[in-house]
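# Overview (structure and organization)
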Amino acid sequence: MTITDRWTSGADYDQWMGRWSRLLAQEFLKWLDLPAGLRWIDVCCGSGVLSEAIAELNQPASVVGVDVSVDQINYARKHRGRANVTFETADAMSLPFADASFDVAVCGLGLNYVPDPARGLKEFCRVICPGGTVAVYLWDYVRGARFLREFWDAAIAVDQEADNFDQARRFPICTPDGIRGHFEKAGLENPSLQALEIVTRFSSFDDYWAPLLTGQGSAPNYLKKRDQKIQTAIRERLKSALPTDARGAIELPGRAWAIRGRGPEN
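First, a word on scope: everything that follows refers to the structure included in this document.

Rules used in this analysis
Here the residue index of a chain counts from 1 through its sequence in written order. In keeping with the model being predicted, local features are shown solely for residues with a pLDDT of at least 70 and side-chain atom pairs are shown and tallied solely at 80 or more, while totals for entire chains, interfaces and linings include all residues. Side-chain measures were taken over the full set of non-hydrogen atoms in the model, leaving aside hydrogen atoms and water. Secondary structure elements follow DSSP: runs of H or I no shorter than four residues count as helices, runs of E no shorter than two count as strands, and numbering proceeds from the N terminus. Any two residues whose heavy atoms approach within 4.5 Å are treated as being in contact. The salt bridge definition used is simple: a Lys or Arg side-chain nitrogen within 4 Å of an Asp or Glu carboxyl oxygen. Between buried and exposed lies partly exposed: a residue is buried under 20% and exposed over 50% of the maximum accessible area for its type, with that area taken using a 1.4 Å probe on protein chains only. Here, any two strands with at least 2 DSSP bridges between them count as paired. Axis lines are fitted to C-alpha atoms, over the contacting stretch for helices. Their N-to-C directions set the angle, which ranges from 0 to 180 degrees.

### Details of the side chain of serine 51
- Position of serine 51 relative to the elements: it lies in helix H2 (residues 49–57).
- If near-sequence neighbours (up to four positions away) are discounted, serine 51 is found in contact with Asp42, Cys45, Val63, Gly65, Val85 and Phe87.

### Structural notes on the pattern of salt bridges
- Per the counting criterion, the structure on display carries 23 salt bridges.
- Arginine 149 is the partner of aspartate 153 in a salt bridge, and the nearest nitrogen-oxygen pair spans 3.0 Å. Separated by four residues within a single helix, aspartate 153 and arginine 149 lie in helix H5 (residues 146–158), roughly one turn from each other.
- The partly exposed category is assigned to aspartate 153, whose relative accessible area is 43%.
- For glutamate 189, the salt bridge is made with arginine 262, and the minimal N-O distance between the two is 2.8 Å. Of this pair, glutamate 189 sits in strand E6 (residues 189–202) while arginine 262 sits in strand E7 (residues 250–262); the two residues are 73 residues apart in sequence, bridging distant segments of the chain.
- Classification of arginine 262 as partly exposed rests on a relative accessible area of 32%.

### A short note on the sheet that holds strand E3 (residues 85–89)
- In spatial order, the strands read E3-E2-E1-E4-E5-E7-E6; together these seven strands make up an open sheet with mixed pairing. The sheet terminates laterally at E3 and E6, the two strands that pair on one side only. Pairs of neighbouring strands in the sheet enclose a mean axial angle of 20°, with direction left out of account.
- Across three bridges, strand E1 (residues 39–43) lies against strand E4 (residues 102–108) in parallel orientation.

Written out as structure tokens, the structure is:
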């Protein structure tokens, strides 16, 4: 089964995933601990959350965010552009930049959506200077991204077809062995893995459920294609399963795997 995810609205993406990507980006950049004055490229930048965090935390010489979605890039330009941060429409597997144009290439929550991640990583290596940094973070779909795991567990219990859409099944790259193997095959030296831990907080069940109705991303895209009976059954199952406090708020742990490597010197 071929599954095509929908990434067309920056505003809806921010509501569904951007708020968590922002928290992960802060932990990711702290871990990288790179100096100021570097040239960054943020591949699969989406609505520009990671690009914005780089500008705020790393004092870069420049940041270029690229994504295949014109709508996402337009949103990023409007909401996150600044003097040293620009956004361009581009394919991760064919970046429109000369060799050694950047010091750092990063990708947040996006490499698994590149049709050929290995080809994408080769492009990352090509556009960084010799010995530059390539770094990525991806959700731990198997156990760590609890807000997603809860959804897929509920969906699979209701609808057998949901198993085909489950990101834990679709994206074996999003495991320590999977992403480390890709980095090694790309020729990146000294790959180092780190767990990024955050808490995903929802003020209410509606705050959790509403973004799932936008159609943006894997789970919302799956849900949008189900009939009302299945949607309602998933909703009720989730509502009874998710932990809530006395105010109705929901807190779930979220983990992503981050990895960094050094580009070849020649």
